Amino acid sequence: RYEPTWSSLDARPLPAWFDEAKFGVFIHWGVFSVPSFGSEWFWWYWQKEKREPYVKFMEANYPPGFSYEDFGPLFTAEFFDPNQWADILKASGAKYVVLTSKHHEGFTLWGSKYSWNWNAVDVGPKRDLVAELATSVRNRTDLHFGLYHSLFEWFNRLFLEDATNAFKTRKFPTSKSLPELYEIVAKYQPEIIWSDGDGNAPDTYWNSTGFLAWLYNDSPVRDTVVTNDRWGAGSICTHGGFYTCSDRYNPGHLLPHKWENCMTIDRGSWGYRRDARLGDYLAIEDLVKQLAETVSCGGNLLMNIGPTHDGRIAVVFEERLRQVGAWLKVNGEAIYGTKPWRAQNDTVTPGVWYTFSPKEGKVNAIFLNWPVSGTLELAEPRAKLGETQVKLAGYKELLKWVALGEKGMVIALPQLTPQQLPCQWGWTLQLTDIN
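Residues numbered from 1 in each chain as written. Predicted model: local features only at pLDDT ≥ 70, side-chain atom pairs only at ≥ 80, totals over all residues. Heavy atoms only, no water.

(A) Highlighting the domain arrangement of the protein chain. For the protein chain, the assigned domains read domain 1 (6–334) and domain 2 (339–432). Here domain 1 and domain 2 have C-alpha centroids that lie 36 Å from each other. Carbon and sulfur atoms supply 66% of the area buried between domain 1 and domain 2, which totals about 1,700 Å² over both sides. Looking at the side of domain 1 facing domain 2, the largest losses of area belong to S296, W327 and A334, adding up to 30% of the total buried there. Summed over the shared surface of domain 1 and domain 2, the number is 2 salt bridges. Where K362 meets E333, a salt bridge forms, and the shortest distance between an N and an O atom there is 2.8 Å. Counting the contacts that link domain 1 with domain 2 gives 7 residue pairs in polar contact (both at pLDDT 80 or more). Mapped onto the side of domain 1 that touches domain 2, the elements with two or more residues apiece are α11 (284–296) and α12 (315–331). The element contributing the most residues to the side of domain 1 that touches domain 2 is α11, with 8 residues. Its residues placed into classes, the side of domain 1 that touches domain 2 shows 9 nonpolar, 5 polar and 5 charged. (Domains from an automatic or database assignment. Buried area = accessible area lost by both parts, 1.4 Å probe. Salt bridge = Lys/Arg side-chain N within 4 Å of Asp/Glu carboxyl O. Polar contact = N/O pair within 3.5 Å; in protein donor to acceptor, adjacent residues only side chain to side chain. Helix = DSSP H or I, 4+ residues; strand = E, 2+ residues; numbered from the N terminus. Nonpolar A, V, L, I, M, F, W, Y, C, P; charged D, E, K, R; others polar.)

(B) The arrangement of the state of the cysteines in detail. Taken as a whole and judged by the stated rule, the model has 1 disulfide. C297 carries a free sulfur, and the closest cysteine sulfur to it, the one in C245, is 13 Å from it. C297 gets classed as buried once you look at its relative accessible area, which sits at 0%. (Disulfide = S-S within 2.5 Å. Buried < 20%, exposed > 50% of the residue type's maximum accessible area, 1.4 Å probe, protein only.)

(C) Fine view of the environment of T308. Assignment of secondary structure puts T308 in the loop between β7 (299–305) and α12. Look at T308 and you get buried, because its relative accessible area is 1%. Spatially, the C-alpha atoms of T308 and R274 are 8.8 Å apart, while their sequence positions differ by 34 residues. Excluding residues that lie within four positions of it along the chain, T308 makes contacts with W29, S33 and Y272. (Contact = heavy atoms within 4.5 Å.)

(D) Expanded view of the UniProt feature "site: May be important for catalysis" (unreviewed entry) in the protein chain. The positions that UniProt labels "site: May be important for catalysis" (unreviewed entry) are, in the present scheme, C262. Among the secondary structure elements, C262 is positioned in strand β6 (residues 259–264). Owing to a relative accessible area of 0%, C262 belongs among the buried residues under this scheme. The contacts of C262, once residues within four sequence positions are left out, are F26, W194, R230, S246, D247, R248, Y249, W270 and L302. (UniProt positions renumbered as here; feature names shortened; annotations may be inferred.)

(E) Inspection of the layout of surface pockets at higher detail. Quantified by volume, the largest pocket comes out at close to 350 Å³. Lining of the largest pocket is provided by 16 residues; of these, W43, E69, W118, F155 and N156 occupy positions nearest its centre. When its volume is computed, the second largest pocket comes out at roughly 230 Å³. Lining the second largest pocket are E20, E333, Y336, G337, T338, K339, S357, P358, K359 and E360. Here the lining of the second largest pocket is built from residues that sort into 2 nonpolar, 3 polar and 5 charged. (1 Å grid on protein atoms, 1.4 Å probe; cavity = no way out; pocket = protein on both sides within 12 Å on 5 of 7 lines; lining within 4 Å. Points joined across faces, edges and corners; volume = space filled by probe spheres on them.)

(F) Examining α12 more closely. Along its 17 residues, α12 runs 24 Å from first to last C-alpha, staying within 8% of the 24 Å computed at 1.5 Å per residue. Where α12 is concerned, the buried positions are V316, F317, E318, R320, L321, Q323, V324, G325, W327, L328 and N331. (Expected span 1.5 Å × (residues − 1).)

(G) Representation of the packing of helix α5 (residues 82–91) against helix α6 (residues 129–140) within the structure. At their nearest, the axes of α5 and α6 sit 8 Å apart, and the two run at 50° to each other. As far as their axial angle goes, α6 and α5 are oblique. Note that α5 runs across α6; the crossing there is right-handed. On the side of α5, the interface is formed by P82, N83, W85, A86, D87, L89 and K90, while α6 contributes E132, L133, S136, V137 and R140. Here the residues of the contact of α5 with α6 sort into 6 nonpolar, 2 polar and 4 charged. (Axes fitted to C-alpha atoms, helices over the stretch in contact; angles between N-to-C directions. Parallel < 35°, antiparallel > 145°, perpendicular 65-115°, else oblique. Left-handed = near helix turned anticlockwise from the far one by under 90°.)

(H) Summary view of the sheet that holds strand β13 (residues 409–412). Strand order in this open sheet of 3 strands is β10-β13-β12, and the pairing throughout is antiparallel. The open sheet is flanked by β10 (375–378) and β12 (401–403), the only strands paired with a single partner. Averaged over all neighbouring strand pairs, the angle between strand axes comes to 15°, with direction disregarded. (Pairing = 2+ DSSP bridges.)

(I) Representation of the side chain of T428. With respect to the helices and strands, the residue T428 is situated in strand β14 (residues 427–432). Discounting chain neighbours no more than four positions away, the residues touching T428 are N331, A334, N364, A365, I366, F367, K391, L392 and A393.

(J) Spotlight on the pattern of salt bridges. Throughout the structure, instances matching the rule amount to 26 salt bridges. Measuring nitrogen to oxygen at the nearest pair gives 2.8 Å for the salt bridge that ties D19 to K339. In this pair, D19 sits in helix α2 (residues 16–21) while K339 sits in the loop between α12 and β8 (352–357), placing the two residues 320 residues apart along the sequence. With a relative accessible area of 17%, D19 lands in the buried category. Residue D247 pairs with R230 through a salt bridge whose shortest N-O separation is 2.9 Å. Of this pair, D247 sits in the loop between β5 (226–227) and β6 while R230 sits in the loop between β5 and β6, and the two are 17 residues apart along the sequence.

(K) Up close: the sheet that holds strand β4 (residues 192–196). Read across the sheet, 7 strands follow the order β5-β4-β3-β2-β1-β7-β6 without closing on themselves; strand pairing throughout is parallel. The two strands at the open ends of the sheet, each matched to only one other strand, are β5 and β6. Relative to strand β2 (residues 96–102), strand β1 (residues 23–27) runs parallel, the two being bridged by 4 bridges. Along β2, the bridge assignment pairs V25 with V97. Strand contacts of helix α8 (residues 171–188): β2, β3 (144–150) and β4, with the helix running at about 170° to β3, the strand carrying the most contacts.

The following block contains the structure:
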């Protein structure tokens, strides 16, 4: 049994499915999707920081005295079709999904009895959005279902009172945050608890170790659940399950601990923005590059989309997810279930990232640029004459190659028209019998 101490909790092995999955989709959805302007931090930037664009936006578009709470009934979700969402998630090739059950605004996407009249069952959609998505994902896909949950809430009176008392009082976590966590685990049995928003309070204020000990010992998901590292000030990148370290974390080198790169397709926001321009969205080439870099360095990629207030996954997000899925259909063997190889990227040719498939004993070289010369030089593999074989994923014939002394090889790529290429945006060489 795990003790409610970091030394005990940190010794828990991460359930194997998470490292094998490699790729997940993050969904930021909530009342902030109604103004859908600037950022999902809309309430904070408008009311607390009083940033000019937000203040002007409200003055120009809403009557005087309009409060953030007034956005609640406008969060309608009338087009939310959980089956359609599940089908898009499946088509993306993702192996898990993480939904914001509650962001820093405190609005819960389920009918929480600890969030009276500020939840999706009492206000707005009048639906349990968490339950609906969980059911569709489990019925229609093999994705693991996870929930994001914000510990603190910007403007909750109890939290602000505790903060004024330098967190010596614990009214907010005992009456709101912790009961919600127990509630979502009992109700929805998520296999990921993605915690966030410590409000600068230590983990002792949140009783994070107490909750995690229960989660790992006695909860209905104790054997499969994975957690992140955001459990109180100072715990990030230090304690918990996998490390996130910061948003859009991509170190570019191997880390000794399992980590995740959570990033957004929209560079500027996690929630949906009506004011986003086309150039704000990462292109599919960028996303494939992020995936290859992240996985080769031992990480998982958690790619975020922000649905609209009425429950649609915007077409640009759907297209990106389906493109990643099309790429993974061809190159998935170089991603899923792989381990980092002894080299992460090539030292001679830029844009080449390595992974290792332990079951097949294959080294995968993912290259992001098709060379004009038709030959690809790799400095890292030690090839053996008469033994090493080189294949291009999605192409039948074996490829010809020559060794470069002790280490390194030059591979002749097939001469293919754009239509004949097995995929776009990046390709995989599968090398067998490499020293």
